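# Structural features, examined
Here is how the chains run, residue by residue.
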Amino acid sequence: GFNCGIVGLPNVGKSTLFNALTQTASAQAANYPFCTIEPNVGRVAVPDNRLDILAKIAGSQKILPTSLEFVDIAGLVRGASRGEGLGNQFLANIREVDAIIHVLRCFEDGDITHVEGSVDPVRDAETIETELMLADLDSLEKRLPALQKKAKGNDREAQSQVSIIEPLIAALKEGIPARKAIPAGEEKAVRQLQLLTSKPVLYVCNVEEDSAATGNAFSERVKEMAAKEKAEIVVVSAAIEAEVSVLEASERTEFLEGLGLQESGLDRVISAGYKLLNLVTYFTCGPKETRAWTITKGTKAPQAAAVIHNDFERGFIACETIAYADYVSCKGEVGAKEAGKMRVEGRDYIVQDGDVLLFRFNV
Ligand code: GDP
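Rules of the game
Residues numbered from 1 in each chain as written. Predicted model: local features only at pLDDT ≥ 70, side-chain atom pairs only at ≥ 80, totals over all residues. UniProt positions renumbered as here; feature names shortened; annotations may be inferred. Helix = DSSP H or I, 4+ residues; strand = E, 2+ residues; numbered from the N terminus. Rg over C-alpha atoms; globule rule 2.2 N^0.38 Å. Buried ≥ 20, exposed ≤ 12 C-beta atoms within 10 Å, placed from the backbone. Contact = placed C-beta atoms within 7 Å. Pairing = 2+ DSSP bridges. Axes fitted to C-alpha atoms, helices over the stretch in contact; angles between N-to-C directions. Left-handed = near helix turned anticlockwise from the far one by under 90°. Nonpolar A, V, L, I, M, F, W, Y, C, P; charged D, E, K, R; others polar.

For the protein, an unreviewed UniProt entry supplies the name Ribosome-binding ATPase YchF and the organism Entomobacter blattae. Annotation of the protein in UniProt includes, under Sequence similarities (unreviewed entry), the sentence "Belongs to the TRAFAC class OBG-HflX-like GTPase superfamily. OBG GTPase family. YchF/OLA1 subfamily." According to its UniProt record, the protein has this under Function (unreviewed entry): "ATPase that binds to both the 70S ribosome and the 50S ribosomal subunit in a nucleotide-independent manner."

### What to know about the overall build of the protein
The helix and strand tally for the protein stands at 14 helices and twelve strands. Computed over C-alpha atoms, the radius of gyration of the protein comes to 23 Å, within 12% of the 21 Å expected from 2.2 N^0.38 for 363 residues, which places it in the range of a compact globule. Based on the C-alpha atoms only, the size of the protein along its principal axes is roughly 65 × 65 × 35 Å. When each of the 363 residues of the protein is scored for burial, the buried share is 39%. A fraction of 67% describes how many contacts in the protein between residues 6 or more apart in sequence connect residues 24 or more apart.

### Points about the pairing of strand β9 (residues 289-296)
Pairing of strand β3 (residues 62-64) with β9 involves three bridges; the strand directions are parallel. From the neighbouring strand, Lys62 faces β9, where its bridge partner is Glu289. Alignment of strand β8 (residues 279-285) against β9, held across seven bridges, turns out to be antiparallel. If you follow Thr281 over to β9, its bridge partner there is Thr294. Between the end of β8 and the start of β9, which pair antiparallel, lie three residues.

### Considerations on the packing of helix α4 (residues 121-152) against helix α5 (residues 156-173)
How two helices sit against one another is set out by the angle between their axes and by the gap between those axes. Running from N to C, α4 and α5 cross one another at 150°; their axes reach a closest spacing of 9 Å. Seen along the crossing, α4 lies across α5 with a hand that is left-handed. Residues Met133, Asp136, Leu137, Leu140, Glu141, Arg143, Leu144, Leu147, Gln148, Lys150 and Ala151 of α4 form the contact with α5, whose own contacting residues are Ala158, Gln159, Gln161, Val162, Ile165, Leu168, Ile169, Leu172 and Lys173. In terms of residue class, the contact of α4 with α5 is built from twelve nonpolar, three polar and five charged.

### Digging into the UniProt feature "domain: TGS" (unreviewed entry) in the protein
Mapped onto this numbering, the UniProt entry gives "domain: TGS" (unreviewed entry) at residues 278-361. Along residues 278-361 the backbone is 27% helical and 37% strand, and the end-to-end C-alpha distance reaches 27 Å.

Have a look at this one:
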């Protein structure tokens, strides 16, 4: 599965958000800088309106959404890269995740200590990014001398590593995160270096309740910062999300509408996390169940089939494919077939978001 790590300074609302996301009380929210020491992991259903629509058409008994994993990574602080505040432990936890959800405190509350003394989300974002860059710099500088030695001895692999690592070190020294300095075509090689700043980042602005629908002056500044680095932001009020998460689905919509919101912040965080990870969804759909499956964008049909079962990949013959829009407009599989909207695709087919698939395979 894929996962997103929730990071940020202490007391910005990470645990509150994580709890709301996973509706568990395991990540204890408290006004205390190091309250969540072990990483907490939760699986979350990915909301997708298309599921209900497909299930209705197919008369499915069950709906099974796909899921995403969230990891609550407790309070990074200034100096973490030098081991401050359990720094190394936190950094190791970040190394394990596929993407970073960076929670920024955009609410004033005199009762809740800000570790840096004042509310300034752009400064906080820079503080954390700096720690992550320092940790990456340290890890690359440690690896470089041995590789350089091997490279001199004509080790091709080492030479290629050095040619990737040296420019990354130069970029990090200038304050440029690795994700902005990946040499063309070297995405995979850089990923294997397991750097903290090569992971995609989403900024979540945690605003006070009154600003949940509109954002506030703090979140506006984050928006400007994110626009410069082409990153996405989501504005939420973690406090509201905590309230929403315990409501029944029927009460939820009304509660959100009362606050001027169309969708819960959690749904927006989950959807943005899914996008951040470059994931798309395909469906299997029948009278028994309608189910969503997650693949990375660009995945071919046999590998997409493997998400359901390894045997499906090994014995892959073809997949009957109906685009979501065709499935809906033709009112299901039979209609789509009659209208010529069902395609039989082979092993080179790149599965598209929303495809309704039926795999044919040898056992
Ligand atoms: P973490 O250290 O980043 O995990 O922060 P927590 O989620 O534990 O929150 C720290 C404190 O801030 C707790 O007392 C929360 O109730 C409070 N808090 C979280 N979000 C909000 C918010 O949106 N508004 C206000 N006023 N307090 C919040």
